[in-house]
Structures are given as structure tokens and as C-alpha cells.
Amino acid sequence: MANIFVCAALLLAARREPPTTARAPAAPAAAIVETTAKAADAEPTREDCVAAVEKARALADALPKEHPSRYIAERHLHQSMVEAGNGEFDDCLDWAAAAADEVRELRHQLRPGETLGVLRPDEKPAPAQDAEKKPMRDKARK
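Residues numbered from 1 in each chain as written. Predicted model: local features only at pLDDT ≥ 70, side-chain atom pairs only at ≥ 80, totals over all residues. Heavy atoms only, no water.

A. Representation of a nonpolar patch on the surface in the model. A surface patch of nonpolar side chains, amounting to about 220 Å² of accessible area, comprises Leu110, Leu116 and Val118. For Leu116, a relative accessible area of 38% puts it in the partly exposed group. (Patch = residues over 30% accessible without salt bridge, like charges linked within 9 Å, V, L, I, M, F, W, Y side chains within 5 Å. Areas by Shrake-Rupley, 256 points an atom, 1.4 Å probe, with all protein chains shown as cover. Salt bridge = Lys/Arg side-chain N within 4 Å of Asp/Glu carboxyl O. Buried < 20%, exposed > 50% of the residue type's maximum accessible area, 1.4 Å probe, protein only.)

Here it is in C-alpha cells:
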């Protein structure tokens, strides 16, 4: 994959026409190749992950606490930190990006009067109540 980027950078550098105005000379092709190779080979670090999480957390903190997109973004950020703790910094960056996207796009909205029912770990969901009760069939047979 890195070879494709290197070839593309060399082709783009070769196709460029010289500037018509007096400017600083363009970077040599060797410098472009080195920069592209470093960017392709660079693995994310813990610092990259922490910075991405801090940016996404700042975005999430701008939303009201009861907003469902903030709730979901906070869960994504939690998973991001779990991945960082496991040494999976690329997954950490993916989860942080998902959290930032959730906040920017506000994917989850509630209608007026609706609330997000979040259960505590020790709570169980209430059984669904039917609005209409079915007639008792046993009484009809007798």
C-alpha cells in the first residue's frame, strides 16, 4: 500500500509545471517520498489516542447531559479508552472518531417529552404491558 502512495507522489511531482512567479522552489521528490513513507508507516501512539479522546470529549461536553447523542458518544469514548488500555491505539482512534461523529451529526434525537431510559447495572427492564387485554378463551368454552 505504501508503494502505491510513493508512486503516486512521484507521478504528481513529475507532472507539476514550474511556477510562473518567483516563489520558493518546490520540495524535491525524495523529500516527498520520505514524508509519504513516514506517514504510511507511522503507528498511532497513546498520545495520539489521548489527544483524539480529549477533542471528542470536549465536543460531547458541549451537549446537554440528557441528550442521547452525548450518552452514546460517552460510551464510544469509554470503549476508546478500553482499546487504548489494551494497546490497540488504532481502534482507540476509530472509537474516538465515532464519538466525534455522533456529536457532530446528532444521529440520535428524542421527540419532545421522550426520555432515554438508561438502567443501572442492578436494574432489570420492566415487562412490556399490552394496551389491549385478550379475552379469556377458557371462559368462552364453558
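B. Region of the structure containing the packing of helix α4 (residues 68-85) against helix α5 (residues 89-105). Packing of α4 against α5 brings their axes to within 8 Å, and their N-to-C directions diverge by 170°. As summarised for this structure, α4 and α5 are arranged roughly antiparallel, according to the angle between their axes. Listed contacts from α5 to Ser69, Ile72, Ala73, His76, Leu77, Gln79, Ser80, Glu83 and Ala84 of α4 are Phe89, Asp91, Cys92, Trp95, Ala96, Ala98, Ala99, Glu102 and Val103. Here the contact of α4 with α5 is built from residues that sort into 11 nonpolar, four polar and three charged. (Axes fitted to C-alpha atoms, helices over the stretch in contact; angles between N-to-C directions. Helix = DSSP H or I, 4+ residues; strand = E, 2+ residues; numbered from the N terminus. Parallel < 35°, antiparallel > 145°, perpendicular 65-115°, else oblique. Contact = heavy atoms within 4.5 Å. Nonpolar A, V, L, I, M, F, W, Y, C, P; charged D, E, K, R; others polar.)

C. Main features of the pattern of salt bridges. Applying the stated criterion to the full structure yields four salt bridges. For the salt bridge of Glu74 with Arg75, the shortest nitrogen-to-oxygen distance reads 3.7 Å. By relative accessible area, which is 27% here, Glu74 ends up partly exposed. The exposure class of Arg75 is partly exposed, given its relative accessible area of 43%. Bridged by salt links that share partners, the residues Asp61, Arg70, Glu74 and Arg75 form one connected network.

D. Main features of helix α3 (residues 46-61). In this model α3 runs 22 Å from its N-terminal to its C-terminal C-alpha over 16 residues, within 8% of the 22 Å that 1.5 Å per residue would give. Residues of α3 that are buried make contact with α4 and α5. (Expected span 1.5 Å × (residues − 1).)

E. Representation of the state of the cysteines in the model. Taken as a whole, this structure holds one disulfide when the rule is applied. A sulfur-sulfur separation of 1.5 Å characterises the disulfide bridge that pairs Cys49 with Cys92. Between Cys49 and Cys92 the disulfide shows an S-S torsion of about 45°. By sign, it is right-handed. Placement of Cys49 in helix α3 and of Cys92 in helix α5 is noted, with a sequence separation of 43 residues between them. Neither Cys49 nor Cys92 differs from the other in exposure class; each is buried. (Disulfide = S-S within 2.5 Å.)

The values are spatial; any link to function lies outside them.
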